[in-house]
Structure formats: structure tokens, C-alpha cells
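Coordinate analysis (summary)
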Amino acid sequence: MNLTQRIITILMVVLGTMATRFLPFLIFGSEKPTPALIQTLGKILPSAALGMLAVYCFKDVSFSTGSHGLPEIISLILIIFIHSWKKNMLLSISAGTICYMLLVQMVF
């Protein structure tokens, strides 16, 4: 990419980010209540996205060869435990990722 293409790319990313951040406020405004459908989607979509990520992460795990999926299972148990205990999604995901990477690099 030359300099002009880089600048155009950065401007397009900035424009796209700003549009997704400001558009809901322009459409719904601050005076009107948020529609029930949008509130429902706000409650459902985060869990659905994480569920899809979990399915994607476990789709290629082979329980019959190699480490038999033990690093994945141990990390999943840790994620469930920490999230049940602290109710902090960022902490849960971070701890599970670190646990998995340590298990794969040092144990299995």
C-alpha cells in the first residue's frame, strides 16, 4: 500500500467506527425510550456471541488422540469457576486463555 491508500484505509475505518457509535443515538435520540426489541437484543447477543465462540473453539478438539482435550477441558472448568465466583467476563476469559496457553506450552 502506498501512503494515499493507507490514509484512505484509516479514514474509512474511522468513519465506520464513528458511524456505528453515533448512529444509534441519531436514530433513537436521548428523549425517546429504547425500543423493547433493541433492549432484548442487548441482553441476548453477548451470550449468543460467546456461545458461538465456545462452539468454534471446541469444534476441532480430538478426545481420542494427543492430550485428549484435557487442556481445553481444564481451561473451561477454570472459566466456569471464575465466572461463577467473580461474575467478571474479562477476568474469566483472560484466566482461561492464560491457563490454556500454559498447559499447552508447558504440560501437554
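No experiment lies behind these values; they were computed from the predicted model shown.

Observations concerning unusual backbone geometry
Note: most residues except glycine have negative phi, and most peptide bonds are trans. Positive phi values are uncommon outside glycine, yet H68 reaches one of about 60 degrees. When you line up the elements, H68 lands in the loop between α2 (36-58) and α3 (70-86). Not every positive phi belongs to a glycine, and K87 is a case in point at roughly 55 degrees. Of note, K87 is situated in the loop between α3 and α4 (89-107).

Concerning the pattern of salt bridges
Going through the model one piece at a time under the given rule, you end up with one salt bridge. Between K59 and D60 there is a salt bridge; the shortest N-O distance is 2.9 Å. Note on D60: relative accessible area 64%, which makes it exposed.

Side note on the packing of α3 against α4
One can describe the packing of α3 onto α4 by two numbers: an axis separation of 8 Å at closest approach and a directional angle of 155 degrees. The angle between α3 and α4 places the two elements in the roughly antiparallel class. For α3 against α4, the interelement crossing comes out right-handed. Between α3 and α4, the residues in contact are P71, E72, I74, S75, L78, I79, I82, H83 and K86 and M89, L91, S92, A95, G96, C99, Y100, L103 and V104, respectively.

Details of the packing of aromatic side chains
Under the criterion given, the structure shown has one aromatic pair. Measuring from centroid to centroid gives 6.0 Å for F81 and W85, while their planes differ by 25 degrees, and the two rings are stacked. Of this pair, F81 and W85 are both found in helix α3, four residues apart, which corresponds to roughly one turn of the helix. Using a relative accessible area of 58% as the deciding quantity, one classes W85 as exposed. The ring of W85 carries K86 above its face, with NZ or CZ at 4.5 Å from the centroid.

A short note on the side chain of E72
Structurally, E72 is set in helix α3. Look at E72: it is buried, it has no salt bridge, and the nearest opposite charge is K59 at 12 Å.

Conventions we followed
Throughout, a residue's number is its position along its own chain's written sequence, starting from 1. Two thresholds apply to this predicted model, a pLDDT of at least 70 for residue-level local features and 80 or more for giving and counting side-chain atom pairs, whereas whole-chain, interface and lining totals are computed over all residues. Side-chain metrics in this entry use all non-hydrogen atoms of the structure; hydrogen atoms and water are not considered. Strands here mean DSSP runs of E at least two residues long; helices mean DSSP runs of H or I at least four residues long; both are numbered from the N terminus. When a carboxyl oxygen of Asp or Glu is within 4 Å of a side-chain nitrogen of Lys or Arg, the pair counts as a salt bridge. Throughout this description, buried means an accessible area under 20% of the type-specific maximum (1.4 Å probe, protein chains only), exposed means over 50%, and partly exposed covers the range between. Only the stretch in contact is used when fitting a helix axis, every axis being a line fitted to C-alpha atoms; angles between N-to-C directions are given from 0 to 180 degrees. The labels follow the angle: roughly parallel below 35 degrees, roughly antiparallel above 145, roughly perpendicular from 65 to 115, and oblique for the rest. Working rule for handedness: look at the near helix, and if it is turned counterclockwise from the far one by less than a right angle, call the crossing left-handed; if clockwise, right-handed. Residues are treated as being in contact if the distance between any of their heavy atoms lies within 4.5 Å. Classification of ring pairs rests on two measures: the distance between centres of Phe, Tyr or Trp rings, Trp counted by its six-membered ring, which must be within 6.5 Å, and the angle between planes, read as stacked under 30 degrees, edge-to-face over 60 and tilted in between. A ring is scored as having a charge over it whenever the NZ atom of a lysine or the CZ atom of an arginine sits within 6 Å of its centre and within 35 degrees of its normal. The convention is simple: Lys and Arg are positive, Asp and Glu are negative, and His and the chain ends are not counted.

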